[in-house]
Amino acid sequence: MTGQIIRLQLIDRRAALTGGLLALGGGAFALGRQPPADGGVCRLYPQQTEGPFYLDPKMQRSDITENRPGSPLELIVGVQGPDCRPLAGARVDVWHCDSQGTYSGFDAPEQSDARGQTFLRGWLPTAANGEAAFKTIYPGWYPGRTPHIHLKVILQDSTVLTSQLYFPEELSDAVYRRREYAKAGTRYRNANDGIFRQGGAQTIAAIAPQGEGHLARLRVAVDPAAGAAASPPGRRGPPR
Ligand code: FE
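Enquirer: Help me get a handle on the state of the cysteines, residues and values and all.
Expert: Applying the stated criterion to the full structure yields one disulfide. With a sulfur-sulfur separation of 2.2 Å, cysteine 42 is cross-linked through a disulfide to cysteine 84. Every disulfide takes its handedness from the sign of the S-S torsion; for cysteine 42 and cysteine 84 that torsion is 130°, giving right-handed. Within this pair, whereas cysteine 42 is found in the loop between β2 (27-30) and β3 (72-80), its partner cysteine 84 is found in the loop between β3 and β4 (91-95), the two being separated by 42 residues in sequence. Each member of the pair, cysteine 42 as well as cysteine 84, is classed as buried.

Enquirer: Requested: an account of the pairing of strand β7 (residues 149-155), with residues and values cited.
Expert: For β7, the buried fraction is high: seven of the seven residues fall into the buried class. Burial of the side chains of β7 extends over both faces: Ile149, Leu151, Val153 and Leu155 are buried on one face and His150, Lys152 and Ile154 on the other. Bridge analysis of β4 against β7 gives five bridges, and the strand direction is antiparallel. Paired with aspartate 93 across the strands is lysine 152, a residue of β7. With seven bridges joining them, β7 and strand β8 (residues 158-165) adopt antiparallel strand pairing. Each bridged residue has a counterpart across the sheet, and for lysine 152 the counterpart in β8 is threonine 162. Hairpin connection of β7 to β8: two residues between the antiparallel strands, including glutamine 156 at a positive phi of 50°.

Enquirer: How would you explain the coordination of the iron ion if you had to name every residue and give the values?
Expert: Taken together, the protein donors to the iron ion comprise Tyr103 (OH), Tyr142 (OH), His148 (NE2) and His150 (NE2), at separations of 1.9 to 2.2 Å. All donors to the iron ion come from one chain, and their sequence spacing reads Y-x38-Y-x5-H-x1-H. The residues tyrosine 142 and histidine 148 share a single accessibility class, namely buried.

Enquirer: Report on the sheet that holds β3, specifying residues and quantitative values.
Expert: A sheet is described by the order of its strands in space; here four strands give the open sequence β6-β3-β10-β9, paired in mixed fashion. On the outer flanks of this sheet lie β6 (131-137) and β9 (206-210), each paired with one strand and no other. On average, each strand axis in the sheet is tilted by 20° relative to the strand beside it, whichever way the strands run. Inspection of the sheet shows β3 paired to β6 by seven bridges, in the antiparallel sense. Bridge pairing links proline 72 to isoleucine 137 in β6.

Enquirer: Could you give an account of the environment of alanine 191, with specific residues and numbers?
Expert: Positionally, alanine 191 belongs in the loop between α2 (169-175) and α3 (194-199). With relative accessibility at 56%, the residue alanine 191 sits in the exposed group.

Enquirer: Please provide a residue-by-residue account of the side chain of serine 104, values included.
Expert: Relative to the elements of secondary structure, serine 104 occurs in the loop between β4 and β5 (121-125). Taking the relative accessible area as the measure of exposure, serine 104 reaches 1% and is therefore buried. Serine 104 has contacts with Leu55, Ala114, Gln117, Thr118, Phe119 and Arg121, leaving out every residue within four places of it along the chain.

Enquirer: Can you break down the sheet that holds β4 residue by residue, with the values?
Expert: Judged by pairing direction, the sheet is antiparallel, and its four strands sit side by side in the order β5-β4-β7-β8 without closing on themselves. Only two strands of the sheet have a single partner each, and these edge strands are β5 and β8. Sheet twist, expressed as the mean angle between neighbouring strand axes with direction ignored, is 20°. Relative to β5, β4 runs antiparallel, the two being bridged by five bridges. By the bridge assignment, aspartate 93 is partnered in β5 with tryptophan 123.

Analysis parameters
- Residues numbered from 1 in each chain as written.
- Predicted model: local features only at pLDDT ≥ 70, side-chain atom pairs only at ≥ 80, totals over all residues.
- Heavy atoms only, no water.
- Disulfide = S-S within 2.5 Å.
- Helix = DSSP H or I, 4+ residues; strand = E, 2+ residues; numbered from the N terminus.
- Buried < 20%, exposed > 50% of the residue type's maximum accessible area, 1.4 Å probe, protein only.
- Pairing = 2+ DSSP bridges.
- Donors = N, O, S within 2.8 Å, 3.2 Å for Na, K, Ca; no water.
- Axes fitted to C-alpha atoms, helices over the stretch in contact; angles between N-to-C directions.
- Contact = heavy atoms within 4.5 Å.

Here it is, written out as structure tokens:
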């Protein structure tokens, strides 16, 4: 146990050394942490609530935008095992709200009626390098939550990860100056969001400018044995 803690500290140290800083819009964002090259132990990505807006429209696709307006975002999710090796052929599902905070497929308080629609949802299998690359827009926000994208990782029909990813606060400040994101109300910030705080900095994507928008990278290490515990048959996460 002590050995594993020391190993994780070493990984953190290495991440601090290899992670660069990128100045953007007046803020500085840490670039992605690198996996250890020596076959060390990867820190598992934390499980977080599925929330009430997951549905599976069975749409395998890289571009989930469906012409929703917003700041372009490429999201690359890199799936790894606990040994930090890339996992090929894993299914990655992503879903998030549009620039005004609306989830497709639902009619709910604080959002537009989007029943029957499928925007900003989709899934991809990971390539040989463990990565799935989605073309989308920067998510908007809705009351009570900081900006986030939901994701699942499914291995051989078993859900091994249900979680969320987040963004640097300064980046959201900059993106939300765009007119597509204009809305009344006060946005929650990462520090105010109890679900974000369960996972902390590990769940913030590494960001780089790309074209008119941004590239977001997130590495998620999963435990292939987590499936039974994470989603026993017929059980769904608590509504949030
Ligand atoms: Fe959500």
